[in-house]
Amino acid sequence: EAEVAQSPRYKITEKSQAVAFWCDPISGHATLYWYRQILGQGPELLVQFQDESVVDDSQLPKDRFSAERLKGVDSTLKIQPAELGDSAMYLCASSFAGGVYEQYFGPGTRLTVT
Amino acid sequence: AQKVTQAQTEISVVEKEDVTLDCVYETRDTTYYLFWYKQPPSGELVFLIRRNSFDEQNEISGRYSWNFQKSTSSFNFTITASQVVDSAVYFCALSRSYNTDKLIFGTGTRLQVFP
């Protein structure tokens, strides 16, 4: 069964350092999402791509976060510089075409900023 | 504004008991979608069900059933004869059908099933 791949699974970094997460969606899925889940809360969308274009990045802290999906397949989310409050689970999801199609989630990257 | 409320923070039951997880949503849209996801300790969110706002029929899938009532803006989830493997955090989520289809999640309900 096809899955969304994410790496690394765990990341510990010091504040002010740069960190990057990678996501490979299910083959053929045009829509890719990055969510952030703070402990004890539900996930919140950071950025949504349709192919290589950003559809929604209204909740992305653009002063320190960036995301790209250059060839419309895999994607990278970067934080620079990392802050203590960035400690969270970063989840990637993909769907066939967005809209009515369900989103399939990867295993996530748990980030700890010290 | 769209919002999902899961008032039950944590529920504990003994195996074979039935358990209902509550979900109340707010939206001004006439067309929207409701979802339930399961998040086991491994962390991956597992899709359980999607329901559109025009389909109020209840649905049953094995031990799982869902009750959608637009009159009370609720989309409750019942597990019949719970099992230890059902232990997880369950999230209810809402999305609109246009503009952006991001999922708006509730805060989740942690279900613990004891043997």
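Whatever comes next refers back to the structure up there.
Now for a description of the structure that goes with this document.

### Brief notes about the overall build of chain B
For step 1, the next point in the chain: A tally of helices and strands in chain B yields 0 helices and 12 strands.
For step 2, the next point in the chain: Shown N-terminal to C-terminal, the secondary structure of chain B runs as helices and strands in the order β-β-β-β-β-β-β-β-β-β-β-β.
For step 3, the next point in the chain: Taking 115 residues into account, the globule formula puts the C-alpha radius of gyration at 13 Å, and chain B, at 14 Å, falls close to it.
For step 4, the next point in the chain: Structurally, chain B occupies a C-alpha span of about 45 × 30 × 20 Å along its principal axes.
For step 5, the next point in the chain: Looking at the 115 residues of chain B, the share that counts as buried comes to 45%.
For step 6, the next point in the chain: Just so you have it, chain B exposes about 5700 Å², and 47% of that area is on carbon and sulfur atoms.
For step 7, the next point in the chain: Of the charged side chains in chain B, 11 are positive and 13 negative; the average position of the first set lies 5 Å away from that of the second.

### Points about the nonpolar core
For step 1, the next point in the chain: Residues Trp36(B), Phe75(B), Phe77(B), Tyr90(B) and Leu111(B) are the most contacted members of the largest nonpolar core, which totals 23 residues.
For step 2, the next point in the chain: Of all elements in the fold, only strand E2 (10–14), strand E3 (19–21), strand E5 (32–39), strand E8 (64–69), strand E9 (74–79), strand E10 (88–96) and strand E12 (109–114) of chain B reach the threshold of two or more residues within this core.
For step 3, the next point in the chain: Looking at which element gives the most residues to this core, the answer is E10(B), with 4 residues.
For step 4, the next point in the chain: Judged by nonpolar contacts, the second largest core, of 20 residues, contains Leu77(A), Tyr90(A), Leu111(A) and Val113(A).

### Notes on the environment of Val19(B)
All names here are of chain B.
For step 1, the next point in the chain: Mapped onto the fold, Val-19 is located in strand E3.
For step 2, the next point in the chain: Residue classification places Val-19 among the buried positions, given a relative accessible area of 5%.
For step 3, the next point in the chain: Taking the C-alpha atoms as reference points, Val-19 and Thr-78, separated by 59 residues in sequence, lie 5.6 Å from one another.
For step 4, the next point in the chain: Here Val-19 is in contact with Ile-11, Val-13, Phe-77, Thr-78, Ile-79 and Leu-111, once residues within four sequence places are set aside.

### Details of the interface of chain A and chain B
For step 1, the next point in the chain: On the chain B side, the residues contacting the 24 residues of chain A number 19 residues.
For step 2, the next point in the chain: The junction of chain A with chain B conceals about 1700 Å² of combined surface from both sides, 51% of it contributed by carbon and sulfur atoms.
For step 3, the next point in the chain: Across the chain A-chain B interface, the total number found is 1 salt bridge.
For step 4, the next point in the chain: The closest approach of N and O atoms between Glu102(A) and Arg50(B), which form a salt bridge, is 2.4 Å.
For step 5, the next point in the chain: Scanning the region where chain A abuts chain B turns up 4 residue pairs in polar contact (both at pLDDT 80 or more).
For step 6, the next point in the chain: Breaking the side of chain A that touches chain B down by element, the ones donating at least two residues are strand E4 (31–37), strand E5 (44–50), strand E6 (53–56) and strand E9 (88–95) of chain A.

### A closer look at the state of the cysteines
Simply put, disulfide is the name for a covalent bond between the sulfur atoms of two cysteines.
For step 1, the next point in the chain: Overall, the coordinates contain 2 disulfides over all chains when judged by the stated rule.
For step 2, the next point in the chain: Each sulfur of the disulfide joining Cys23(A) and Cys92(A) lies 1.8 Å from the other. With the S-S bond torsion at -70°, the cross-link from Cys23(A) to Cys92(A) turns out left-handed. With Cys23(A) in strand E3 (residues 19–24) and Cys92(A) in strand E9, the pair connects residues that are 69 residues apart, well separated along the chain. For the pair formed by Cys23(A) and Cys92(A), the shared burial category is buried.
For step 3, the next point in the chain: Bridging Cys23(B) to Cys92(B), the disulfide has an S-S length of 2.0 Å. Given an S-S torsion of about -65°, the disulfide between Cys23(B) and Cys92(B) has left-handed geometry.

### Comments concerning the pairing of E3(A)
Residues and elements named next belong to chain A.
For step 1, the next point in the chain: With burial as the criterion, only one face of E3 is covered, namely that bearing Val-19, Phe-21 and Cys-23; the residues Ala-20, Trp-22 and Asp-24 on the opposite face remain uncovered.
For step 2, the next point in the chain: Both strand E1 (residues 5–7) and E3 contribute to a ladder of 3 bridges, which runs antiparallel. The partner of Ser-7 across the bridge, within E3, is Trp-22.

### Observations concerning the environment of Thr31(B)
For step 1, the next point in the chain: Relative to the helices and strands, Thr31(B) is located in the loop between strand E4 (24–26) and E5.
For step 2, the next point in the chain: Considered as a pair, Thr31(B) and Phe54(B) are 23 residues apart in the sequence and their alpha carbons are 7.3 Å apart.

### Thoughts on the packing of aromatic side chains
For step 1, the next point in the chain: Inspection of the entire model under this criterion finds 20 aromatic pairs over all chains.
For step 2, the next point in the chain: A centroid spacing of 5.9 Å and a plane angle of 85° characterise the contact between Tyr35(A) and Phe105(B), whose relative ring orientation is edge-to-face. On the criterion of chain membership, the pair formed by Tyr35(A) in strand E4 and Phe105(B) in strand E11 (residues 104–105) is interchain, its members lying in two chains.
For step 3, the next point in the chain: Given the relative accessible area of 0%, Tyr35(A) is considered buried.
For step 4, the next point in the chain: In this structure Phe105(B) comes out as buried when scored by relative accessible area, which is 9%.
For step 5, the next point in the chain: Plain terms: the ring middles of Phe91(B) and Phe105(B) are 6.0 Å apart, the flat faces sit at 90° to each other, and that makes the pair edge-to-face. Here the residue Phe91(B) occupies a position in strand E10, and Phe105(B) occupies one in strand E11, the gap between them amounting to 14 residues.
For step 6, the next point in the chain: Through pairs of rings, three or more aromatic residues link up here, namely Tyr33(A), Tyr35(A), Tyr104(A), Phe105(A), Phe35(B), Tyr37(B), Phe47(B), Phe91(B) and Phe105(B).

Criteria and thresholds
Residues numbered from 1 in each chain as written. Chains lettered and ligands numbered in written order. Predicted model: local features only at pLDDT ≥ 70, side-chain atom pairs only at ≥ 80, totals over all residues. Heavy atoms only, no water. Helix = DSSP H or I, 4+ residues; strand = E, 2+ residues; numbered from the N terminus. Rg over C-alpha atoms; globule rule 2.2 N^0.38 Å. Buried < 20%, exposed > 50% of the residue type's maximum accessible area, 1.4 Å probe, protein only. Areas by Shrake-Rupley, 256 points an atom, 1.4 Å probe, with all protein chains shown as cover. Lys, Arg positive; Asp, Glu negative; His and termini not counted. Charge placed at Lys NZ, Arg CZ, Asp CG, Glu CD. Core = buried A, V, L, I, M, F, W, Y, C linked by side-chain atoms within 4.5 Å. Contact = heavy atoms within 4.5 Å. Buried area = accessible area lost by both parts, 1.4 Å probe. Salt bridge = Lys/Arg side-chain N within 4 Å of Asp/Glu carboxyl O. Polar contact = N/O pair within 3.5 Å; in protein donor to acceptor, adjacent residues only side chain to side chain. Disulfide = S-S within 2.5 Å. Pairing = 2+ DSSP bridges. Phe/Tyr/Trp six-rings, centres within 6.5 Å; stacked < 30°, edge-to-face > 60°.

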